Amino acid sequence: MATLEPDQFQSTLQLNVSFLRPGRLVGKGRVVHRDGDLVFLEASLLDTGTVVVATATATARVIPLSQAPAAA
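Residues numbered from 1 in each chain as written. Predicted model: local features only at pLDDT ≥ 70, side-chain atom pairs only at ≥ 80, totals over all residues. Heavy atoms only, no water.

### Re the environment of H33
In plain terms, the rule: A run of H or I in DSSP counts as a helix once it spans at least four residues, and a run of E counts as a strand once it spans at least two, with each numbered from the N terminus.
The topology assignment puts H33 in strand 2 (residues 26-35). Residues H33 and A54, 21 residues apart in the sequence, show an inter-C-alpha distance of 21 Å.

See the structure below:
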């Protein structure tokens, strides 16, 4: 969402998370690639050291805020 314009919203199309082990968490995420309105994302959760405790990938679509679903 940090790369979106003020009048844009992202809708998650696919999300995959793998929990590898428990631990105190530090999150890191990045945009892998953006092609038009499709965005490919990845993230990892690390313990306070450098051990990865979870990973995630996602595909999102950028849409105008006027087309975003209404909050429940």
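Anyway, onward from the coordinates.
### Side note on the pattern of salt bridges
Applied cut-off: For salt bridges, the criterion is a side-chain nitrogen of Lys or Arg within 4 Å of an Asp or Glu carboxyl oxygen. For the exposure calls, accessible area comes from a 1.4 Å probe over protein chains only, and a residue counts as buried if that area is under 20% of its type's maximum, exposed if over 50%, partly exposed in between.
In this structure the tally under the stated criterion is 2 salt bridges. Put simply, E42 and R30 hold a salt bridge, and the shortest N to O gap is 2.6 Å. Linking E42 in strand 3 (residues 38-46) with R30 in strand 2, this pair joins segments that are 12 residues apart in sequence. Owing to a relative accessible area of 33%, E42 belongs among the partly exposed residues under this scheme.

### Concerning the pairing of strand 3
The line we're drawing: Two strands pair if DSSP finds at least two bridges between them.
Pairing geometry for strand 2 and strand 3, over 9 bridges, is antiparallel. Residue R34 lies in a different strand from strand 3, and its bridge partner there is V39. With antiparallel pairing between neighbouring strands as the criterion, strand 2 and strand 3 make up a hairpin whose turn holds 2 residues, including G36 at a positive phi of roughly 65°. Summarising the sheet, strand 3 and strand 4 (residues 52-64) pair through 9 bridges and their orientation is antiparallel. Residue pairing in the sheet places A43 in a bridge with A56 of strand 4. Linking strand 3 back to strand 4 in an antiparallel pair, the connection comprises 5 residues.

### Concerning a nonpolar patch on the surface
Heads up, the condition is: Patch membership requires over 30% relative accessible area and the absence of a salt bridge. Like charges are linked within 9 Å, and nonpolar side chains (Val, Leu, Ile, Met, Phe, Trp, Tyr) within 5 Å. Using the Shrake-Rupley algorithm and a 1.4 Å probe, accessible areas are obtained, with residue cover drawn only from the displayed protein chains.
Taken together, the side chains of L13, V32, L38 and F40 define a hydrophobic patch exposed on the protein surface, amounting to about 320 Å² of accessible area. The residue L38 is located in strand 3 in this model. Overall, L38 belongs to the partly exposed group, its relative accessible area being 31%.

### Concerning the sheet that holds strand 1 (residues 8-19)
To be explicit about the condition: Axis definition: a line fit to C-alpha positions, over the contact stretch in the case of helices; interaxial angles, taken between N-to-C directions, run 0 to 180 degrees.
In spatial order, the strands read 1-4-3-2; together these 4 strands make up an open sheet with antiparallel pairing. Unpaired on one side and paired on the other, strand 1 and strand 2 mark the two borders of the sheet. Within the sheet, the average angular offset between the axes of one strand and its neighbour, ignoring direction, is 20°. Of the strand pairs in this sheet, strand 1 and strand 4 are connected by 11 bridges, and their pairing is antiparallel. Each residue of the ladder has a partner; that of F9, found in strand 4, is I63.

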